Protein chains: 2
Amino acid sequence: MTTTRPDAASQPAVDRSDAPANSADVVELLGLVAHLEHTAFVRLANDSAIAPTVGQRLELSRFAAAAVERRDRVLARVVELGAEPEVAMGQFVDVLVDFDERTQPSTWWERLLKAYVGYGVADDFCRIVAEGLDERSREIVLEVLDDASHADLAVTELDAAGSDDGVLTSRLALWGRRLVGEALGVVQGLLTQRPALARLLARSDERTAAANGEQPAPAAAVTTNAPAKVFSELTAQHTRRMSRLGLTP
Amino acid sequence: MTTTRPDAASQPAVDRSDAPANSADVVELLGLVAHLEHTAFVRLANDSAIAPTVGQRLELSRFAAAAVERRDRVLARVVELGAEPEVAMGQFVDVLVDFDERTQPSTWWERLLKAYVGYGVADDFCRIVAEGLDERSREIVLEVLDDASHADLAVTELDAAGSDDGVLTSRLALWGRRLVGEALGVVQGLLTQRPALARLLARSDERTAAANGEQPAPAAAVTTNAPAKVFSELTAQHTRRMSRLGLTP
């Protein structure tokens, strides 16, 4: 389990006031979300090019175009905050390279499951951290992440394919476990290497605790515990996702 | 030079009235235009994935999304005419496969020039044949083909790159000649194998002649001469395009 300890000395104490989040921190999460949407575009466009039927090619190309539109909504917010979209997004250009190398899908089904499970974890992480953002940025991020309609395609197709093929089902269950392990590794890397995201996560954790009427924890405990909580939340979401497909998580 | 002779026996005489074009013929051209826009989407998405800078990746992904939107405008017209979009577009799935195999670009500049010159010929061909369509279909096709804004990017970048590099300029001029030769081969294949397109082209030729106040030619002459005219028009457009880049056509 990761903590933000390596950066504790150099980073400011957790901001426990209701003041808006540091704008540079906000831009960092927006850059990550924009990069994830851009990655979704590239992947969906590739899927479209190799999909078995013309109908699927059409559908996937529309999803790809929608990802561009979502990314640009996020980048428009980056501009509103006075930052450079290309810089905000460009800093994350390598964030999924290792993940992609370790999780090369060998079949169409593995590709679909990767889209649904692998990037699902990334989306969930951004959703949780977004609770630490100012209201307008948070709204945009949550809206954009809710729009990822290609999940439905993945669920429908995987469900139809898996329901009458026991071998496929157990292979995909195994693949899902690999994907979630690697995806949690990416999240861990982000929290260790990106103090801005760790700060936003701590704010998010506080806001959620306050909304639930819990007592505020001491600042040090927040910084240490928030990552632990995020991993258990991400794992729970993954379990729900796999169950929705009828796969053992 | 190709003629439609192989199909002359089985195909109706050229329709010389002002009656609207045969709806199945119209759907065939719409299917071709939709396929070309879909191909543009796939290519622009690929370009976006490998473009040197984040700025170019963003710009190219937007062009890719715009191609999806243009394709869908054409497919909406296919639906209005009571035909199946997937069938209309799907019949052209192989039309550029040989062309792409014979014109694999080896550099970023060659890719750009291929987009501008290679697909430029296909667009021009569709523009000419579109004159044989009913008014609404023609409007949509011409609007869609006029919107292909990525040409500007290609021109700007190629122009900037070529202006200070004589070796690049002469290599690209050679590449342009190969591209146009192969592209004209594709057009020739379409006119030989697709009587519907040959019929629309003959109608287009008549309409254009009438608009210029020329005497109508005998039906047989139209069917034979229209292809000759289209090749000279396509070559002239290619020359203009290369000159715009400062390349010898």
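What you see is a predicted model; the values in this text were computed from it and never measured.

## Examining the overall build of chain A
Then, in step 1: The secondary structure content of chain A amounts to eleven helices and zero strands.
Then, in step 2: Listed N to C, the secondary structure of chain A is α-α-α-α-α-α-α-α-α-α-α in terms of helices and strands.
Then, in step 3: When the 249 residues of chain A are sorted by exposure, 53% land in the buried category.
Then, in step 4: Within chain A, residue pairs in contact and separated by at least 24 positions form 81% of the contacts whose partners lie at least 6 positions apart.
Then, in step 5: Taken as a whole, chain A presents about 11,000 Å² of accessible surface, with 52% of it coming from carbon and sulfur.

## Some remarks on helix H10 (residues 195–211) of chain A
Then, in step 1: Look at H10 of chain A: 24 Å from first C-alpha to last across 17 residues, which is about the 24 Å you get at 1.5 Å a residue.
Then, in step 2: Gly 213 of chain A occupies a position one or two residues after H10 of chain A and carries a positive phi of about 70°.

## Quick notes on the packing of aromatic side chains
Residue and element names in this part refer to chain A.
Then, in step 1: Counted according to the given criterion, the structure contains two aromatic pairs over all chains.
Then, in step 2: Relative to Tyr 119, the ring of Phe 99 has its centre 6.1 Å away and its plane inclined at 70°; by these criteria the two rings are edge-to-face. Within this pair, whereas Phe 99 is found in helix H5 (residues 97–102), its partner Tyr 119 is found in helix H6 (residues 108–130), the two being separated by 20 residues in sequence.
Then, in step 3: Overall, Phe 99 belongs to the buried group, its relative accessible area being 3%.
Then, in step 4: For Tyr 119, a relative accessible area of 10% translates into the label buried.

## Points about the interface of chain A and chain B
Then, in step 1: Between chain A and chain B, the contact holds 23 residues from the first and 23 residues from the second.
Then, in step 2: Here chain A meets chain B over a buried area of about 1,700 Å², counting both sides, of which 72% is carbon and sulfur.
Then, in step 3: Inspection of the chain A/chain B interface yields two salt bridges.
Then, in step 4: Across the pair Asp 72 of chain B and Arg 62 of chain A runs a salt bridge, and its minimum N-O distance is 2.7 Å.
Then, in step 5: Remark: the boundary between chain A and chain B carries four residue pairs in polar contact (both at pLDDT 80 or more).
Then, in step 6: Sorting the residues of the side of chain A that touches chain B by element identifies helix H2 (23–50), helix H3 (54–80) and helix H4 (85–90) of chain A as the ones contributing at least two each.
Then, in step 7: Residues that form the side of chain A that touches chain B fall into these classes: twelve nonpolar, six polar and five charged.

## Here we look at the nonpolar core
Then, in step 1: Within the largest apolar cluster, 145 residues are counted, with the highest numbers of intra-cluster contacts made by Leu 29 and Leu 32 of chain A together with Leu 29 of chain B.
Then, in step 2: Among residues more than four places away in sequence, those in contact with Leu 29 of chain B are Cys 126, Val 129, Ala 130, Leu 133, Leu 197 and Leu 200 of chain B.

## Regarding the packing of H2 of chain A against H6 of chain A
Residue and element names in this part refer to chain A.
Then, in step 1: One can describe the packing of H2 onto H6 by two numbers: an axis separation of 11 Å at closest approach and a directional angle of 165°. Between H2 and H6, the angle falls in the class roughly antiparallel. The element H2 and its partner H6 pack so that their crossing is left-handed. Residues Leu 29, Leu 32, Val 33, Leu 36, Thr 39, Arg 43, Asn 46, Asp 47 and Ile 50 of H2 touch H6, and the partners they reach there are Trp 108, Arg 111, Ala 115, Tyr 119, Ala 122, Asp 123, Phe 125, Cys 126, Val 129 and Ala 130.
Then, in step 2: Classifying every residue of the contact of H2 with H6 by side-chain character gives 13 nonpolar, two polar and four charged.

## Describing the environment of Gln 91 of chain B
All names here are of chain B.
Then, in step 1: Position of Gln 91 relative to the elements: it lies in the loop between helix H4 (85–90) and helix H5 (97–102).
Then, in step 2: Residues Gln 91 and His 35 lie 56 residues apart in sequence; the distance between their C-alpha atoms is 9.0 Å.
Then, in step 3: The contact partners of Gln 91, leaving out residues within four places of it in the chain, are Glu 28 and Arg 194.
Then, in step 4: Looking at Gln 91, its side chain comes within polar contact range of the main-chain oxygen of Ala 88, at 3.1 Å.

## Describing the relation of the copies chain A and chain B
Then, in step 1: Turning chain A through 180° and shifting it by 0.0 Å along the axis lays it on chain B, with an RMSD of 0.0 Å. Taken together, these values place the two copies in the relation of a two-fold axis. The position closest to the rotation axis in chain A is occupied by the C-alpha of Ala 65 of chain A, lying 2.2 Å away.
Then, in step 2: Looking at chain A, 100% of its interface residues are interface residues in chain B too, so the copies touch through the same face.

## As for the environment of Ser 23 of chain A
Then, in step 1: Considering the arrangement of structural elements, one finds Ser 23 of chain A in helix H2.
Then, in step 2: Expressed as a C-alpha distance, the spacing of Ser 23 of chain A and Leu 81 of chain A, which sit 58 residues apart in the sequence, is 7.1 Å.

## A look at the confidence of the model for chain A
All names here are of chain A.
Then, in step 1: Here chain A averages 85 in pLDDT, while 84% of its residues score no lower than 70.
Then, in step 2: Helix H1 (residues 5–8) is the least confidently modelled element of chain A, averaging 44 in pLDDT, while H4 averages 97, the highest of any element.
Then, in step 3: Note that residues 1–17 has pLDDT below 50 and, in this model, 34 contacts with residues that lie over four places away or in other chains.

Thresholds, definitions, all that
Residues numbered from 1 in each chain as written. Chains lettered and ligands numbered in written order. Predicted model: local features only at pLDDT ≥ 70, side-chain atom pairs only at ≥ 80, totals over all residues. Heavy atoms only, no water. Helix = DSSP H or I, 4+ residues; strand = E, 2+ residues; numbered from the N terminus. Buried < 20%, exposed > 50% of the residue type's maximum accessible area, 1.4 Å probe, protein only. Contact = heavy atoms within 4.5 Å. Areas by Shrake-Rupley, 256 points an atom, 1.4 Å probe, with all protein chains shown as cover. Expected span 1.5 Å × (residues − 1). Phe/Tyr/Trp six-rings, centres within 6.5 Å; stacked < 30°, edge-to-face > 60°. Buried area = accessible area lost by both parts, 1.4 Å probe. Salt bridge = Lys/Arg side-chain N within 4 Å of Asp/Glu carboxyl O. Polar contact = N/O pair within 3.5 Å; in protein donor to acceptor, adjacent residues only side chain to side chain. Nonpolar A, V, L, I, M, F, W, Y, C, P; charged D, E, K, R; others polar. Core = buried A, V, L, I, M, F, W, Y, C linked by side-chain atoms within 4.5 Å. Axes fitted to C-alpha atoms, helices over the stretch in contact; angles between N-to-C directions. Parallel < 35°, antiparallel > 145°, perpendicular 65-115°, else oblique. Left-handed = near helix turned anticlockwise from the far one by under 90°. Least-squares fit on C-alpha atoms with pLDDT ≥ 70 in both. pLDDT = per-residue confidence, 0-100.

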